[in-house]
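Fold and geometry: a report
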Amino acid sequence: MSLKMQVVIVVACLIMLCLLVRMVKNNALSLKYAMPWMLLCVGVGIFAVCTPFTAWMAAVLEIQVPSNMLFFMGFCFSLALIFGTTLTLSRMSLRLKKLTQEYALLEKEVREMRAQIEEEKEKRRKTEKGKEKQIEA
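Report follows, based on the coordinates. (Residues numbered from 1 in each chain as written. Predicted model: local features only at pLDDT ≥ 70, side-chain atom pairs only at ≥ 80, totals over all residues. Heavy atoms only, no water.)

**Some thoughts on the packing of helix α2 (residues 31-49) against helix α4 (residues 66-136)**
At their nearest, the axes of α2 and α4 sit 10 Å apart, and the two run at 175 degrees to each other. When the interaxial angle is binned, α2 and α4 end up roughly antiparallel. Here Tyr33, Pro36, Trp37, Leu40, Val44, Phe47 and Ala48 of α2 lie close against α4, whose contacting residues are Met69, Leu70, Met73, Gly74, Phe77, Ser78, Leu81, Thr88 and Met92. Here the residues of the contact of α2 with α4 sort into 13 nonpolar, three polar and no charged. (Axes fitted to C-alpha atoms, helices over the stretch in contact; angles between N-to-C directions. Helix = DSSP H or I, 4+ residues; strand = E, 2+ residues; numbered from the N terminus. Parallel < 35°, antiparallel > 145°, perpendicular 65-115°, else oblique. Contact = heavy atoms within 4.5 Å. Nonpolar A, V, L, I, M, F, W, Y, C, P; charged D, E, K, R; others polar.)

Following this line, the structure appears as structure tokens:
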């Protein structure tokens, strides 16, 4: 891998790390979700700098160009991150559905209680009016 390619990859990783840190600092991204991306950036940066190790890994995996191995590793890790995010999204969707159903049931219960209170108030008014009429008569 050429020095120029190494510099470009390391600079791209540093820019991505800076963006991730800024997003976490501004509460635009949770640290829980930023950490895997930060690890990806650090890992790709290390593989870009450690060319003998990258070349050895490429030879073991029978990839002809070490830079292709680097991008392949980043691609595989990105797929794992996307899968993890999909699992989290699925869990959150199920939780949201459950919370929505619970909210609807509670809302119905509140409406029923309000209607019951209104009925009781109306009954009290009628009985009070009836007592007033008896007192007047």
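**Examining the packing of aromatic side chains**
Taken as a whole and judged by the stated rule, the model has two aromatic pairs. Summarising the aromatic geometry, the rings of phenylalanine 47 and phenylalanine 53 are spaced 5.5 Å apart at their centres and angled 15 degrees between planes, so their arrangement reads as stacked. Looking at phenylalanine 47, the relative accessible area reads 19%, which means it is buried. Members of the aromatic cluster, joined through ring pairs, are Phe47, Phe53 and Trp56. (Phe/Tyr/Trp six-rings, centres within 6.5 Å; stacked < 30°, edge-to-face > 60°. Buried < 20%, exposed > 50% of the residue type's maximum accessible area, 1.4 Å probe, protein only.)

**So, unusual backbone geometry**
In this model, asparagine 27 sits at a positive phi of 60 degrees, which is unusual for a non-glycine residue. With respect to the helices and strands, asparagine 27 occurs in the loop between α1 (3-25) and α2. The exposed category is assigned to asparagine 27, whose relative accessible area is 69%. The phi dihedral of glutamate 62 is positive, around 60 degrees, even though this residue is not glycine. By the secondary structure assignment, glutamate 62 is in the loop between α3 (51-60) and α4.

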